[in-house]
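Structural overview
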Amino acid sequence: RFIAKPCAINLGIQDSGPHRAQPNAILEKVFTSITKSPDGKRLEGLSKQLDWDVRKIQRWFRHRRNQDKPTTLTKFCESMWRFTFYLSIFFYGIRFLWTAPWFWDTRQCWYNYPFQPLTSRLYYYYILELAFYWSLMFSQFTDIKRKDFLIMFVHHLATIGLITFSYMNNMVRVGTLVLCLHDASDFLLEAAKLANYAKYQRLCDAFFMLFGVVFIVTRLGIYPFWILNTTLFESWELIGPYPSWWLFNGLLVTLQVLHIIWSYLIIRTASKALVRGKVSKDDRSDVESSSEEEDVTSNSTKGIFSTSSNGSNRLNGHVAGSQWTGE
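Residues numbered from 1 in each chain as written. Predicted model: local features only at pLDDT ≥ 70, side-chain atom pairs only at ≥ 80, totals over all residues. Heavy atoms only, no water.

Thoughts on the packing of helix H8 (residues 149–168) against helix H11 (residues 245–276)
Closest axis-to-axis distance for the H8/H11 pair is 10 Å, and the angle between their directions is 145°. Note on packing geometry: the crossing formed by H8 with H11 is left-handed. Contacts between H8 and H11 involve Ile151, Met152, Val154, His155, Ala158, Thr159, Gly161, Leu162, Phe165 and Ser166 from the first element and Leu247, Phe248, Leu251, Leu252, Thr254, Leu255, Leu258 and Trp262 from the second. Taken together, the residues of the contact of H8 with H11 break down into 13 nonpolar, 5 polar and no charged. (Axes fitted to C-alpha atoms, helices over the stretch in contact; angles between N-to-C directions. Helix = DSSP H or I, 4+ residues; strand = E, 2+ residues; numbered from the N terminus. Left-handed = near helix turned anticlockwise from the far one by under 90°. Contact = heavy atoms within 4.5 Å. Nonpolar A, V, L, I, M, F, W, Y, C, P; charged D, E, K, R; others polar.)

Structure (structure tokens):
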């Protein structure tokens, strides 16, 4: 409210929502009580009842659906909050881990386990991360529902489960490595969103490309060959198959599967942008254009991120479809 909003206004982002639907009691009753997306038969009936063209009724329902969506200013403020958190917690983690012996030698994660001290800095690192991911879990149900809702729900569950489980079992050393690794790319995605909302397309594309490189290197390179290597093999060698070994590694492998899916979608989106200079609209997004021109087929929006005519971002989260999708 006091930082992000003034920044957005200075960048020319207006606190104006999408085009509002023309007041109509009959259509409003259908929208609120029956359906938000009427089929062809119902459209024909409403057309005869109101003496309106079917396309005009379709446009009304599209405008009515869009007017409940958050404004670009609201989205900018939310992304700026996430950007601030991810950037701050990443540098906190790097500063903390730089002097930690297990950052340079992952076998240190298992020496003298489970009798390893829990320092105050490590404790606060864990608590802050856990609180943030719980907030993402709850806010997912109030945000715009996306087609990757289930994937993100599984991701948040696995993350919360890993943080809680590793803390309860004092596996905090390897846990800090996992947390820091995941934070390395998240703030770049939020930076790309901020640039997109502010209509700095080249900066947005640059942040997206950088995000894609960092994401793939950390999630497909460092994570399996550094993190999974120590949890699957080094832990087995040094402390043996402890009772919770299967559950702990099962959650970590679940994250790796999600990393592979997202990396594939990142590469597909980036390749389209590089080859054609533009990408198709976000298949994941449920945000619809409020412009009347969207009734006919239009050219794909240029750039990595696609924005509807009312300024609503078609991205929130990670990736899905042919376009970027929230953590």
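Brief notes about helix H2 (residues 25–33)
Looking only at H2, the buried set comprises Leu27, Val30 and Phe31. For H2, the arc enclosing every buried residue in end-on projection is 100°, short of the 170-degree limit, so these residues lie on one face. Pointing more than 90 degrees away from the buried face of H2 are the exposed residues Ala25, Lys29, Thr32 and Ser33. Its buried side turned inward, H2 meets helix H3 (40–50) and helix H4 (54–66). (Buried < 20%, exposed > 50% of the residue type's maximum accessible area, 1.4 Å probe, protein only. Arc of directions from axis to C-beta.)

Description of the packing of helix H5 (residues 72–98) against helix H9 (residues 172–197)
Closest axis-to-axis distance for the H5/H9 pair is 8 Å, and the angle between their directions is 150°. Considering their axes alone, H5 and H9 lie roughly antiparallel with respect to each other. Crossing hand, H5 versus H9: left-handed. Looking at the contact of H5 with H9 residue by residue, the classes come out as 17 nonpolar, 4 polar and 6 charged. (Parallel < 35°, antiparallel > 145°, perpendicular 65-115°, else oblique.)

With respect to the side chain of Ser244
Here Ser244 is to be found in the loop between helix H10 (201–239) and H11. Classification of Ser244 by relative accessible area gives buried; the value is 14%. Here Ser244 is in contact with Phe165, Asn169 and Met171, once residues within four sequence places are set aside.

A closer look at the packing of aromatic side chains
Applying the stated criterion across every chain, the model contains 26 aromatic pairs. Ring centres 6.1 Å apart and planes at 65° place the aromatic pair Phe85 and Tyr86 in the edge-to-face group. Each of the two residues, Phe85 as well as Tyr86, counts as buried. Judged by centre distance (6.0 Å) and plane angle (85°), the ring pair of Phe103 and Trp226 falls under edge-to-face. One end of the pair, Phe103, is in helix H6 (residues 101–104); the other, Trp226, is in helix H10, and 123 residues separate them in sequence. The exposure class of Trp226 is partly exposed, given its relative accessible area of 24%. One Lys or Arg, Lys56, reaches over the ring of Trp52 and ends 4.3 Å from the middle of that ring. (Phe/Tyr/Trp six-rings, centres within 6.5 Å; stacked < 30°, edge-to-face > 60°. Lys NZ or Arg CZ within 6 Å of the ring centre and 35° of its normal.)

A few points about the pattern of salt bridges
Throughout the structure, instances matching the rule amount to 3 salt bridges. The shortest N-O distance in the salt bridge between Asp186 and Arg219 comes to 3.5 Å. Of this pair, Asp186 sits in helix H9 while Arg219 sits in helix H10, placing them 33 residues apart in sequence. Residue Asp186 is classed as buried on the basis of its relative accessible area, which comes to 2%. Residue classification places Arg219 among the buried positions, given a relative accessible area of 0%. Residues Lys193 and Glu190 are paired through a salt bridge, measuring 3.8 Å at the closest nitrogen-oxygen approach. Taken together, the residues Lys193 and Glu190, both in helix H9 and 3 residues apart, mark about one turn of the helix. The exposure class assigned to Glu190 is buried, which follows from its relative accessible area of 1%. (Salt bridge = Lys/Arg side-chain N within 4 Å of Asp/Glu carboxyl O.)

What to know about unusual backbone geometry
In this structure, the amide linkage connecting Tyr113 to the following residue, Pro114, adopts the cis form with an omega of 5°. Examined against the element boundaries, Pro114 turns out to sit in the loop between H6 and helix H7 (120–139). If you check the backbone angles, Asp51 has positive phi at about 60° while not being a glycine. The backbone of Lys199 sits at a positive phi, close to 70°, despite the residue not being glycine. By the element assignment, Lys199 lies in the loop between H9 and H10.

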